[in-house]
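Coordinate inspection notes
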Amino acid sequence: MAGPTGCGNSLGAALGDLLRSQVTPRHRLSTYTARHWHAQLSQLTGTRRGHQALEDAGLGVTTQTLINWLSDPEYNIRRSYRDIIHTAYENAAIVPADPLPDHIKQGQYEISGTVRTGDDERDRGTRDAAPLRIDGRYGRWDDIERSWVAGELTDDEFEDHFIDDVIVEDIGEGTDGWEFPGALYSVELR
């Protein structure tokens, strides 16, 4: 039975596609588009999440002060307060990434596409050559997860870490390292 599959024009893109289909990435909520401090404050004070973000950012004003600010968009507030409101707004707008679940870190990966190690270059996952099978349980996932949670895991970085920290940890360095020079890859997780 086939498992979740990611596809892309590089190994890293296919891995990223697979990961995003299984785990929620760090992202910005589309409803947070206000630019002016007053609009940001109005939106923040309308939700529990927004109130928590204001508290976490250190906005320490009375309820009456908030009412005064909200009742007049032209109210002249100190720059330090505008900065706190903006920080709270940005913090509320960002949804953190889910951590990598065990089925990702302990899964069996089947990679189809062009694979090269030394002078051996093959199109894997065809009738002539089985997919490259990698056991994720032997991998070191810390750097991948750290970049994922920070929202900084690019396709190129994912590919590099997956080669160094998962493939090499499972099956070794190969005859002269691992390269994925093709233009189309699929990665199935089992």
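Above this text is the structure in question.
Read on for a plain summary of the structure. (Residues numbered from 1 in each chain as written. Predicted model: local features only at pLDDT ≥ 70, side-chain atom pairs only at ≥ 80, totals over all residues. Heavy atoms only, no water.)

Looking only at helices and strands, the protein chain features 8 helices and 7 strands. For the protein chain, the C-alpha radius of gyration of 23 Å lies well beyond 16 Å, the compact-globule estimate for 190 residues. Taking the principal axes of its C-alpha atoms as reference, the protein chain extends roughly 75 × 30 × 25 Å. Within the structure as shown, the protein chain displays about 10,800 Å² of accessible surface, and the carbon and sulfur contribution to it stands at 46%. For the protein chain, the distance from the average position of its 19 positive side-chain charges to the average position of its 33 negative side-chain charges is 7 Å. (Helix = DSSP H or I, 4+ residues; strand = E, 2+ residues; numbered from the N terminus. Rg over C-alpha atoms; globule rule 2.2 N^0.38 Å. Areas by Shrake-Rupley, 256 points an atom, 1.4 Å probe, with all protein chains shown as cover. Lys, Arg positive; Asp, Glu negative; His and termini not counted. Charge placed at Lys NZ, Arg CZ, Asp CG, Glu CD.)

The next point concerns the packing of helix 7 (residues 142–150) against helix 8 (residues 155–171). Viewed as axis vectors pointing N to C, helix 7 and helix 8 meet at an angle of 155°, and their least axial separation amounts to 9 Å. The angle between helix 7 and helix 8 falls in the class roughly antiparallel. On the side of helix 7, the interface is formed by Asp-143, Ile-144 and Ser-147, while helix 8 contributes Glu-157, Phe-158, His-161, Phe-162, Asp-165 and Val-166. Residues that form the contact of helix 7 with helix 8 fall into these classes: 4 nonpolar, 2 polar and 3 charged. (Axes fitted to C-alpha atoms, helices over the stretch in contact; angles between N-to-C directions. Parallel < 35°, antiparallel > 145°, perpendicular 65-115°, else oblique. Contact = heavy atoms within 4.5 Å. Nonpolar A, V, L, I, M, F, W, Y, C, P; charged D, E, K, R; others polar.)

We now examine empty space enclosed by the protein. In this structure the tally under the stated criterion is 1 cavity of 30 Å³ or more. Reported here for the largest cavity is a volume of approximately 40 Å³. Lining the largest cavity are Leu-15, Leu-18, Leu-19, Ile-104, Tyr-109, Trp-141, Phe-158 and Phe-162. Elements represented by at least two residues in the lining of the largest cavity include exactly helix 1 (11–22) and helix 8. When residues of the lining of the largest cavity are assigned to their parent elements, the largest contribution, 3 residues, is made by helix 1. Broken down by class, the residue content of the lining of the largest cavity amounts to 8 nonpolar, no polar and no charged. (1 Å grid on protein atoms, 1.4 Å probe; cavity = no way out; pocket = protein on both sides within 12 Å on 5 of 7 lines; lining within 4 Å. Points joined across faces, edges and corners; volume = space filled by probe spheres on them.)

Turning our attention to the pairing of strand 5 (residues 120–124). The side chains of a regular strand alternate between the sheet's two faces. With 5 bridges joining them, strand 4 (residues 108–117) and strand 5 adopt antiparallel strand pairing. Directly across from Thr-114, in strand 5, lies its bridge partner Asp-123. (Pairing = 2+ DSSP bridges.)

Bringing the pattern of salt bridges into the picture now. Using the criterion set out here, one finds 12 salt bridges in the structure. In this structure, Arg-140 and Asp-165 form a salt bridge, with 3.1 Å as the shortest nitrogen-oxygen distance. With Arg-140 in the loop between strand 6 (132–135) and helix 7 and Asp-165 in helix 8, this residue pair connects regions lying 25 residues apart in the sequence. A relative accessible area of 6% places Asp-165 in the buried class. When salt bridges that share partners are traced, they join Glu-110, Arg-133, Glu-188 and Arg-190 into one network. (Salt bridge = Lys/Arg side-chain N within 4 Å of Asp/Glu carboxyl O. Buried < 20%, exposed > 50% of the residue type's maximum accessible area, 1.4 Å probe, protein only.)

Looking at the element boundaries, Ala-2 is found in the segment before strand 1 (5–8). Considered as a pair, Ala-2 and Ile-67 are 65 residues apart in the sequence and their alpha carbons are 57 Å apart. Filtering out sequence-adjacent residues up to four positions away, Ala-2 remains in contact with Glu-188 and Arg-190.

Of all the positions in helix 7, only Ile-144, Glu-145, Ser-147 and Trp-148 are classed as buried. Axial view of helix 7: buried residues confined to an arc of 165°, hence all on one face. Among the exposed residues of helix 7, those pointing more than 90 degrees away from its buried face are Asp-142 and Arg-146. Where helix 7 is buried, its residues meet helix 1, helix 6 (102–105) and helix 8. At the exit of helix 7 stands Gly-151, carrying a positive phi of roughly 75°. (Arc of directions from axis to C-beta.)

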